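Here is how the chains run, residue by residue.
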Amino acid sequence: MTHPVNAVERRKYLAKVLPVTIGNDVWLCGKVTICPGVTIGNNVVVAAGSVVIRDVPDNIMVAGNPAKVVKKLDKE
């Protein structure tokens with residue numbers, strides 16, 4: 001968890017920040033949410049409105065909430 005759910009803990013500024021890593025040739029469609037700490041590989045398409053909560057490997061299309069693999073993509 002990257003931030004406390006408890007209000008008293010939130011007041012202590014204990015939230016954590018984790019980097020998001022996005023590879024080359026990635027297409028993020030509109031209204032995509034990428035959660036902290038997620039890595040998106042190369043040649044990935046993330047469909048509109050998707051919520052990416054886990055790492056996405058290379059050459060994949062994901063969609064949904066949470067985002068799931070819907071198609072493998074050609075490497076070129």
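Residues numbered from 1 in each chain as written. Predicted model: local features only at pLDDT ≥ 70, side-chain atom pairs only at ≥ 80, totals over all residues. Heavy atoms only, no water.

Caption draft 1: Structural view of the sheet that holds strand E8 (residues 68-72). Here we have four strands laid out as an open sheet, ordered E2-E5-E7-E8, and mixed in their pairing. This sheet does not close on itself; its edge strands, each paired only once, are strand E2 (27-28) and E8. With four bridges joining them, strand E7 (residues 60-63) and E8 adopt antiparallel strand pairing. Each residue of the ladder has a partner; that of Ala63, found in E8, is Lys68. (Pairing = 2+ DSSP bridges. Helix = DSSP H or I, 4+ residues; strand = E, 2+ residues; numbered from the N terminus.)

Caption draft 2: Up close: the side chain of Asn59. Residue position: Asn59 is located in the loop between strand E6 (51-52) and E7. The exposure class of Asn59 is buried, given its relative accessible area of 15%. Those residues in contact with Asn59 that sit more than four places away from it in its chain are Asn42, Asn43, Val44, Lys71, Lys72, Leu73, Asp74 and Lys75. (Buried < 20%, exposed > 50% of the residue type's maximum accessible area, 1.4 Å probe, protein only. Contact = heavy atoms within 4.5 Å.)

Caption draft 3: Broad picture of the environment of Ala48. As for its placement among the helices and strands, Ala48 is situated in the loop between strand E5 (45-46) and E6. On the basis of relative accessible area, Ala48 is assigned to the exposed category, the value being 55%. Taking C-alpha positions, Ala48 is 7.4 Å from Leu28, a pair spaced 20 residues apart along the chain. If we ignore the near neighbours within four places in the chain, the residues touching Ala48 are Cys29 and Gly30.

Caption draft 4: Region of interest: the nonpolar core. Among the nonpolar cores identified, the biggest contains eight residues, and these are Val38, Ile40, Val44, Val46, Val52, Val56, Ile60 and Val62. In this structure Ile60 touches Asn43, Val44, Val45, Val69, Lys71, Lys72 and Leu73, once residues within four positions along its chain are discounted. (Core = buried A, V, L, I, M, F, W, Y, C linked by side-chain atoms within 4.5 Å.)

Caption draft 5: Looking closely at the pairing of E8. Little of E8 sits out of view: just zero of its five residues are buried. Remark: four residues form the turn of the hairpin made by E7 and E8, two consecutive strands paired antiparallel; Gly64 in that turn has positive phi of roughly 110 degrees.

Caption draft 6: Broad picture of unusual backbone geometry. Residue Pro66 follows Asn65 across a cis peptide bond; omega there is 0 degrees. Within the element layout of this structure, Pro66 appears in the loop between E7 and E8. Non-glycine residue Asp25 carries a positive phi angle of around 60 degrees. Here Asp25 shows up in the loop between strand E1 (21-22) and E2. Of note in the backbone geometry, Lys31 takes a positive phi value of approximately 60 degrees without being a glycine. Here Lys31 shows up in the loop between E2 and strand E3 (33-34).

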